[in-house]
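The chain contents come next:
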Amino acid sequence: MRTKDKSVNKKRVTRDERQETINILGIETSCDETAAAVVTNGSIIKSSVVASQDKLHAKYGGVVPEIASRAHLENICTIITEALEKAKVNRQTIDAVAVANQPGLTVALIVGVTAAKTLAFAWEKPLLAIDHLHAHLQSASLSEKTVQLPAVALIVSGGHTCLFDYKSPLQPKLLGTTIDDAAGEAFDKVATILHLPYPGGPRIEKIAKKGNPKAVDFPRSMLGPNSLDFSFSGLKTAVLYHCRGQDMKGENKVESMTGKQIADIAASFQAAVIDVLVEKTRRAAAKIGAKTVLLGGGVAANNRLRETLRQMCDSSQPPKKLLVAPKEYCTDNAVMVASLAYHKYKAGLFADLTLEPKANSI
Ligand code: KG4
Ligand code: ZN
């Protein structure tokens, strides 16, 4: 069944537009975080509740879709109730229900989508369908009333690595994406090689602080001088070969490595990922003459990435304004969903009860 944004509720919007406050309940279940939030007028955060499933997936070194789905099912009602209670709102004072319905794990998305449709139906409120990637982008501009254009946005997460021409919150245009692994996925896989627990990004960042980023010369795959796409699988393989030998027949040397050696690998790997991310963002910014750079997604929590991107923005001629998502809203959350939904609400872009989850959006 196809799902379309519809403007069938235009009449209701006109009435609501006269209201001073629009409270939107946002729901997020695209991967391994069950989240709900209430945001007023797109930027006033009334509540944000996130149940992380990290511990459930840790022993598998990555997210297991069926386990994620089951955990969402177990948590969703409690999380939504908590978000409503913390925000001190109820069915009367909520104006719309928003949900991330794409992209993500279908078996995970369906839990949030079903909850949102049920509430919208029972409470007789408009339903808003949100693209998870566009929501990550929104978290970078949470504190801004307007983003100075042209603007380029880098979204780096466990499932995606994308560059957008940020034309508006609702219409970012894709400029480049990964042709294989996402940056966060590379962090998670390299962490597994280094015997570090899932999620790998924060662990690698911590260990890398004690390492030398120049210790191992890992490859930076630029895919040609003008490409805005990304590739991280070669880098991941290079780390694997470094630890297991080219023929993969040798013992995994990680067990016998010192803490400093592991820290050097982590720091060198992290530096290689960041060099590529920052160079591609620089290219994209130059291409569209960007005045602003936005950064969001789980990997955006990485301090080294935040600092290196800031240096690039500051040293550009003319310098660019950098908007970075607050750390608590880098990884998956529902504030970004409810915040972006406000723009859809104002534009009258409502979904209907045929809404379905979609694995891909781009
Ligand atoms: O955005 P997110 O919560 O979920 C997806 O939409 O995929 O991103 C999760 C990803 C994981 O791969 C995790 O390892 C990575 O973000 N991550 C980090 C850091 N914190 C989370 N990567 C590098 N450095 C970090 N500090
Ligand atoms: Zn995400």
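Residues numbered from 1 in each chain as written. Chains lettered and ligands numbered in written order. Predicted model: local features only at pLDDT ≥ 70, side-chain atom pairs only at ≥ 80, totals over all residues. Heavy atoms only, no water.

Visitor: Honestly, helix H3 (residues 65-87) in this entry has me stumped. Any pointers?
Guide: Side chains that are three or four residues apart share a direction in an α-helix, a result of its 3.6 residues per turn. A rise of 1.5 Å per residue sets the reference length of H3, with its 23 residues, at 33 Å; its end C-alpha atoms lie 30 Å apart and thus fit the reference within 8%. Considering bend angle alone, the principal kink of H3 is centred on Asn 75 and spans about 45°. Listed in full, the buried residues belonging to H3 are Ala 68, Ser 69, Ala 71, His 72, Ile 76, Ile 79, Ile 80, Ala 83, Leu 84 and Ala 87. Buried residues belonging to H3 abut strand E1 (23-28), strand E2 (33-40), strand E3 (44-52), helix H2 (54-58) and helix H4 (106-123). Two residues or fewer past H3, Lys 88 is found with a positive phi of approximately 55°. (Helix = DSSP H or I, 4+ residues; strand = E, 2+ residues; numbered from the N terminus. Expected span 1.5 Å × (residues − 1). Bend = angle between axes of the 7 residues up to and from the residue. Buried < 20%, exposed > 50% of the residue type's maximum accessible area, 1.4 Å probe, protein only. Contact = heavy atoms within 4.5 Å.)

Visitor: How should I be thinking about the coordination of the zinc ion (ligand 2) in this particular structure?
Guide: Geometry reference: four tetrahedral donors at a metal, ideal angle 109.5 degrees. Six octahedral donors, ideal angles 90 or 180 degrees. Looking at the zinc ion (ligand 2), the protein donor atoms are His 132 (NE2), His 136 (NE2) and Asp 332 (OD), and they sit 2.0 to 2.1 Å from it. Written as a sequence motif, the donor residues of the zinc ion (ligand 2) are H-x3-H-x195-D. Note that His 132 is positioned in helix H5 (residues 132-140) and Asp 332 in the loop between strand E10 (321-324) and helix H11 (335-347), a separation of 200 residues in sequence. One exposure class covers both His 132 and Asp 332, and it is buried. (Donors = N, O, S within 2.8 Å, 3.2 Å for Na, K, Ca; no water.)

Visitor: Any chance you could explain the pairing of E10 here in plain terms?
Guide: In regular strands, side chains alternate between the two faces of the sheet. Where strand E9 (residues 292-296) lies against E10, four bridges are found, and the strand directions are parallel. Bridge pairing in E10 places Leu 294 opposite Leu 323. A crossover links E9 with its parallel partner E10, the connecting element being helix H10 (residues 303-315), and its sense is right-handed. (Pairing = 2+ DSSP bridges. Right-handed = clockwise from strand over helix to strand, strands pointing away.)

Visitor: For this particular structure, what's the right way to read the sheet that holds strand E6 (residues 151-156)?
Guide: Two pairing modes exist for strands in a sheet, parallel and antiparallel, and in both the strands are linked by backbone hydrogen bonds. If you walk across this open sheet you meet the five strands as E8-E7-E6-E9-E10, and the pairing is mixed. Of all strands in the sheet, those bounded by a partner on one side alone are strand E8 (173-177) and E10. Averaged over all neighbouring strand pairs, the angle between strand axes comes to 20°, with direction disregarded. Strands E6, strand E7 (161-165), E8 and E9 of the sheet are contacted by helix H9 (residues 259-288), whose axis makes an angle of about 155° with E6. (Axes fitted to C-alpha atoms, helices over the stretch in contact; angles between N-to-C directions.)

Visitor: Explain the environment of Gly 298 here, please?
Guide: Looking at where Gly 298 falls in the secondary structure, it is placed in the loop between E9 and H10. Taking C-alpha positions, Gly 298 is 21 Å from Arg 220, a pair spaced 78 residues apart along the chain. If we ignore the near neighbours within four places in the chain, the residues touching Gly 298 are His 136, Val 156, Ser 157, Cys 330 and Thr 331.

Visitor: Teacher, can you tell me more about the pattern of salt bridges here?
Guide: It is possible for side chains of opposite charge to pair when their charged atoms get near one another. Under the definition given, this model contains ten salt bridges. Across the pair Lys 86 and Glu 82 runs a salt bridge, and its minimum N-O distance is 3.3 Å. Of this pair, Lys 86 and Glu 82 both sit in helix H3, separated by four residues, roughly a single helical turn. In this structure, the salt-bridge partner of Lys 260 is Asp 264, at a minimum N-O distance of 2.7 Å. Highlighted residues: Lys 260 and Asp 264, both in helix H9, separated by four residues, approximately one helical turn. What makes Lys 260 partly exposed here is its relative accessible area of 46%. Take Asp 264: its relative accessible area is 14%, and that puts it in the buried class. (Salt bridge = Lys/Arg side-chain N within 4 Å of Asp/Glu carboxyl O.)

Visitor: I tried to follow the confidence of the model for the protein chain on my own but got confused; where do I start?
Guide: Do not read the fine detail of predicted coordinates wherever pLDDT is low. Across the protein chain, pLDDT averages 93, with 94% of residues at or above 70. Taken together, the stretch residues 1-11 has pLDDT below 50 and engages in 23 contacts with residues farther than four places along the chain or on a different chain. (pLDDT = per-residue confidence, 0-100.)

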